[in-house]
Amino acid sequence: QVQLVESGGGLVQAGGSLRLSCAASGRTIGSYIMGWFRQPPGQAPGKEREFVAAINWRGAVDSVEGRFTISRDNAKNTVYLQMNSLKPEDTAVYYCASRPRTASTMREPAGYDYWGQGTQVTVSS
């Protein structure tokens, strides 16, 4: 059984940094695509979670924010999201997700088959 457990969220002032962690079990992250998504508060029902960053099995990364960096530690089977220069609009629940290797874009949440429970990030102004 695959489990993804996020940690590292919290309350931070604008301009600050946080590092989120996603510990995986039941799946070797180095052989899959790992992504981070977020869901801001008050998001309309049915709207997809927002893509933040992803890393594939070769280590290639994709990110929508230059302030955010995804990385992984294969020995710990853990993926990280380093978030710098945080803004109030970054406030959201952040989710870790995993998907098999496919040719489709890493940005599409529908392609991910396992999700963590989410960790809250709140950025105060």
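As a reminder, the structure under discussion sits directly above these lines.
Residues numbered from 1 in each chain as written. Predicted model: local features only at pLDDT ≥ 70, side-chain atom pairs only at ≥ 80, totals over all residues. Heavy atoms only, no water.

Let's talk about the nonpolar core
Consideration 1: Ranked by internal contacts, the top residues of the largest apolar core, which has 23 residues, are M34, W36, L81, M83 and Y94.
Consideration 2: Listed by contribution, the elements that provide at least two residues to this core are β3 (18–25), β4 (33–39), β5 (50–55), β7 (68–73), β8 (78–83), β9 (92–99) and β11 (119–124).
Consideration 3: Element by element, the count of residues in this core is highest for β3, at 4 residues.
Consideration 4: Beyond its immediate stretch of four places on either side in the chain, L81 contacts L18, R19, L20, W36, V52, A53, F68, T69, I70 and Y94.
Consideration 5: Core analysis: the next-biggest nonpolar cluster, separate from the first, contains 7 residues, I33, F37, F51 and A97 among them. (Core = buried A, V, L, I, M, F, W, Y, C linked by side-chain atoms within 4.5 Å. Buried < 20%, exposed > 50% of the residue type's maximum accessible area, 1.4 Å probe, protein only. Helix = DSSP H or I, 4+ residues; strand = E, 2+ residues; numbered from the N terminus. Contact = heavy atoms within 4.5 Å.)

Regarding the pattern of salt bridges
Consideration 1: Per the counting criterion, the structure on display carries 6 salt bridges.
Consideration 2: For R27, the salt bridge goes to D113, with nearest N and O atoms at 2.9 Å. Linking R27 in the loop between β3 and β4 with D113 in the loop between β9 and β10 (114–115), this pair joins segments that are 86 residues apart in sequence.
Consideration 3: Of the residues examined, R27 reaches a relative accessible area of 10% and is grouped as buried.
Consideration 4: Among the salt bridges present, the one from R38 reaches D90, with a minimum N-O distance of 3.0 Å. Taken together, the residues span a long stretch of sequence, with R38 in strand β4 and D90 in the loop between β8 and β9 at a distance of 52 residues. Assigned by exposure class, R38 and D90 land together as buried.
Consideration 5: A cluster of three or more residues bridged by salt bridges with shared partners is formed by R38, E50, E65, R67 and D90. (Salt bridge = Lys/Arg side-chain N within 4 Å of Asp/Glu carboxyl O.)

Here's the deal with the state of the cysteines
Consideration 1: The full count for this structure, using the stated rule, is 1 disulfide.
Consideration 2: What pairs with C22 in a disulfide is C96, and their sulfur atoms sit 2.1 Å apart. When the S-S torsion is -75°, as for the bridge of C22 with C96, the disulfide is left-handed. Here C22 is found in strand β3, whereas its partner C96 is found in strand β9, with 74 residues between them in sequence. Here C22 matches C96 in class, with each residue buried. (Disulfide = S-S within 2.5 Å.)

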